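Residue-level structural notes
One-letter residues, chain by chain:
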Amino acid sequence: MKKINIIWIFTFAIFFVITSCSAEDDNEVKPNRKEAQQHSFTKEVHVLIMGDSFSRDAFGYVPGVMADVRPEIYLDMELLYLGGKGLKYHWDYISNDKNNFILDEYSPNNDKWYSYANIFGGDIISSQNWDLVILQEGSSTARNSELTLEHVQTIGSYLRERQPSVKLAFMLSPAKPEGSPALGNYTSDDVWNLYVKTSQLLLANNAVDYIIPCGTAIQNARQTSVDNYGDFGHLSYDGNHLQEGLPCLIEAYVGTQFLLDFIEEDASIESSTLRVTKQWVNSLAVPGMHGSVIEGNDEEYAICKRSAMSALEKPYEISNPLY
């Protein structure tokens, strides 16, 4: 009997070691954020985003563009992601301590994004002192300025109570393209105007400190030849999200330039020589990608940059960036 027990214990021990090693191989170890700070960065900026898949569209390329324009800036960018859910749900899960979030975290140490499931939002918020928190409301709710104001004020009060020095920004999202069933009886420009009204109300009530006009840049670009891109057309993959490549890069130009201005860095996206390719997007491990990568030509990159810069100069005005 003792011999049998010894054999069984030995067999179990071998099995445990094998399965443990296998588990380590299958689950990527979360990178240590502090490792990147050992390198020679001239500035640091810590940004937390709270949003849905449209935040992924808008900010997924930003670390790559920043690395191209100002590689000496340490950009810690994290996204508390809820698929298809607005800020009402973000607050519900945070206030009730539910681990319903996915965390998308960009690691400058590895130059790529990592995603982790079953995250408590409160833990991420309290994990460090954030320089900037970007809030993005769900597409339908953002049409309702009063309701969005209520959601932003609730979360904003929570954030400012815990970190009094934090700055808050609101992302003016892209409107759905013409032909999208999600527009209902509205045109694309109609919805964009509703988003503008919401953004202006948030600023007027000091609910946020800044507006990031990603949606205005997209409407600007839709006035140009690049509007033809996208499987759906109008820069869209499916009538809902932007397609990979140039369409997402337009928003990334806006986000990057906003951050450069935010940290008072004398730099411009105009100097970017980045060209988005399938290989580049894959190497960045951008979360939530949509469709094939639209690469474009030099003239089209210039159009995208002008669309972004025009939006930052005139966030509440649609303009053809070629004129």
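That block above? That's the structure.
Here goes a summary of the coordinates provided. (Residues numbered from 1 in each chain as written. Predicted model: local features only at pLDDT ≥ 70, side-chain atom pairs only at ≥ 80, totals over all residues. Heavy atoms only, no water.)

**Notes on the overall build of the chain**
Our working definition: Elements are defined by DSSP. Helices are runs of H or I of four residues or more, strands are runs of E of two residues or more, and each kind is numbered from the N terminus. Accessible area is worked out with a 1.4 Å probe on protein chains only. A residue is then buried under 20% of its type maximum, exposed over 50%, and partly exposed in between. Contacts are residue-level and defined by heavy atoms, with any inter-residue pair within 4.5 Å sufficient. Here the Shrake-Rupley method, with its probe set to 1.4 Å, supplies the accessible areas, and only the displayed protein chains count as covering residues.
Within the chain one finds 11 helices and seven strands. Within the chain, the fraction of its 323 residues that count as buried is 52%. A separation of at least 24 residues holds for 74% of the contacts in the chain among residues at least 6 apart in sequence. Within the structure as shown, the chain displays about 14,900 Å² of accessible surface, and the carbon and sulfur contribution to it stands at 49%.

**Overview of the side chain of histidine 290**
Just so we agree on the cut-off: Polar contact is defined as a pair of N or O atoms within 3.5 Å, subject to the rule that within protein one atom must be able to donate a hydrogen and the other to accept it, and that residues adjacent in sequence are counted only when both atoms are side-chain atoms.
Position of histidine 290 relative to the elements: it lies in the loop between helix H10 (278–284) and helix H11 (298–313). One polar contact links histidine 290 to aspartate 57, side chain to side chain, over a distance of 3.4 Å.

**Here we look at the environment of valine 166**
Here valine 166 lies in the loop between helix H6 (145–162) and strand E6 (167–171). The buried category is assigned to valine 166, whose relative accessible area is 5%. Separated by 119 residues in sequence, valine 166 and valine 47 have C-alpha atoms that sit 9.9 Å apart. Beyond its immediate stretch of four places on either side in the chain, valine 166 contacts Trp130, Asp131, Leu132, Val133, Leu159, Arg160 and Asp209.

**Details of the pattern of salt bridges**
It is possible for side chains of opposite charge to pair when their charged atoms get near one another. Rules: One side-chain nitrogen of Lys or Arg within 4 Å of one carboxyl oxygen of Asp or Glu is enough to make a salt bridge.
Inspection of every chain in the model, using the stated rule, returns nine salt bridges. Arginine 70 serves as the salt-bridge partner of glutamate 265, at 3.0 Å between the closest nitrogen and oxygen. Of the two residues, glutamate 265 is situated in the loop between helix H9 (246–262) and H10 and arginine 70 in the loop between helix H3 (62–69) and strand E2 (73–81); the sequence distance between them amounts to 195 residues. For glutamate 265, a relative accessible area of 14% translates into the label buried. For the salt bridge of aspartate 92 with lysine 98, the shortest nitrogen-to-oxygen distance reads 3.5 Å. Here lysine 98 falls in the partly exposed class, since its relative accessible area comes to 33%. Through salt bridges with shared partners, a single network forms among Lys43, Arg70, Glu72 and Glu265.

**Section: the packing of helix H4 (residues 87–95) against H6**
Selection rule: Angular values range over 0 to 180 degrees, each being the angle between N-to-C directions of two axes fitted as lines to C-alpha atoms, with helices fitted over their stretch in contact. The hand of a helix crossing depends on one turn: near helix anticlockwise from the far one by less than a right angle means left-handed, and clockwise means right-handed. Gly is put with the polar residues, along with every residue not named as nonpolar or charged; the nonpolar set is Ala, Val, Leu, Ile, Met, Phe, Trp, Tyr, Cys and Pro, and the charged set is Asp, Glu, Lys and Arg.
Closest axis-to-axis distance for the H4/H6 pair is 9 Å, and the angle between their directions is 35°. Considering only the axes of H4 and H6, their crossing is left-handed. Where H4 abuts H6, its residues Leu87, Lys88, His90, Trp91 and Ile94 lie against His151, Val152, Thr154, Ile155 and Tyr158. For the contact of H4 with H6, the per-class residue count stands at six nonpolar, three polar and one charged.

**Considerations on the environment of glutamate 72**
Relative to the assigned elements, glutamate 72 resides in the loop between H3 and E2. Distance from glutamate 72 to phenylalanine 41, taken between C-alpha atoms, is 4.7 Å for residues 31 residues apart in sequence. Residues within four places of glutamate 72 in sequence aside, it is in contact with Phe41, Thr42, Lys43 and Glu265.

**Regarding unusual backbone geometry**
The phi torsion at asparagine 206 lies on the positive side, around 55°, for a residue other than glycine. As for its placement among the helices and strands, asparagine 206 is situated in the loop between helix H7 (188–204) and strand E7 (210–212). Relative accessible area serves as the criterion here: at 56%, asparagine 206 is assigned to the exposed category. Notably, glutamate 264 is not glycine yet its phi reads approximately 60°, a positive angle.

**Quick look at the nonpolar core**
We count it as follows: We call a set of buried residues a nonpolar core when its members are Ala, Val, Leu, Ile, Met, Phe, Trp, Tyr or Cys and they connect through side-chain atoms within 4.5 Å of each other.
Residues Val47, Phe59, Tyr61, Met77, Ile134, Leu249 and Leu259 are the most contacted members of the largest nonpolar core, which totals 57 residues. The element contributing the most residues to this core is H9, with 11 residues. Setting aside chain neighbours within four positions, we find isoleucine 134 in contact with Val47, Leu48, Ile49, Met50, Phe59, Ala169, Met171 and Ile212. By size, the runner-up hydrophobic cluster in this structure holds 37 residues, among which are Ile94, Tyr158, Leu202 and Val208.

**Structural notes on the packing of aromatic side chains**
This is how it is decided: Each aromatic pair joins two rings of Phe, Tyr and Trp (for Trp, the six-membered one) with centres within 6.5 Å, and gets the label stacked for planes under 30 degrees apart, edge-to-face for over 60, and tilted for any other angle. Lysine NZ or arginine CZ positioned within 6 Å of the ring centre and within 35 degrees of the ring normal marks a charge as sitting over the ring.
Taken as a whole and assessed by the stated rule, the structure comprises nine aromatic pairs. Seen in terms of ring centroids, tyrosine 210 and phenylalanine 262 are 5.7 Å apart; in terms of plane orientation they differ by 85°. Their pairing is edge-to-face. Highlighted residues: tyrosine 210 in strand E7 and phenylalanine 262 in helix H9, separated in sequence by 52 residues. Following the ring pairs from residue to residue traces out a cluster consisting of Tyr89, Tyr93 and Phe101. When the ring centre of tyrosine 89 is taken as reference, the NZ or CZ atom of lysine 88 above it lies at 6.0 Å. For lysine 112, the ring lying beneath its charged end belongs to tyrosine 114, and the centroid distance is 5.4 Å.

Any link to function would need more than the numbers given here.
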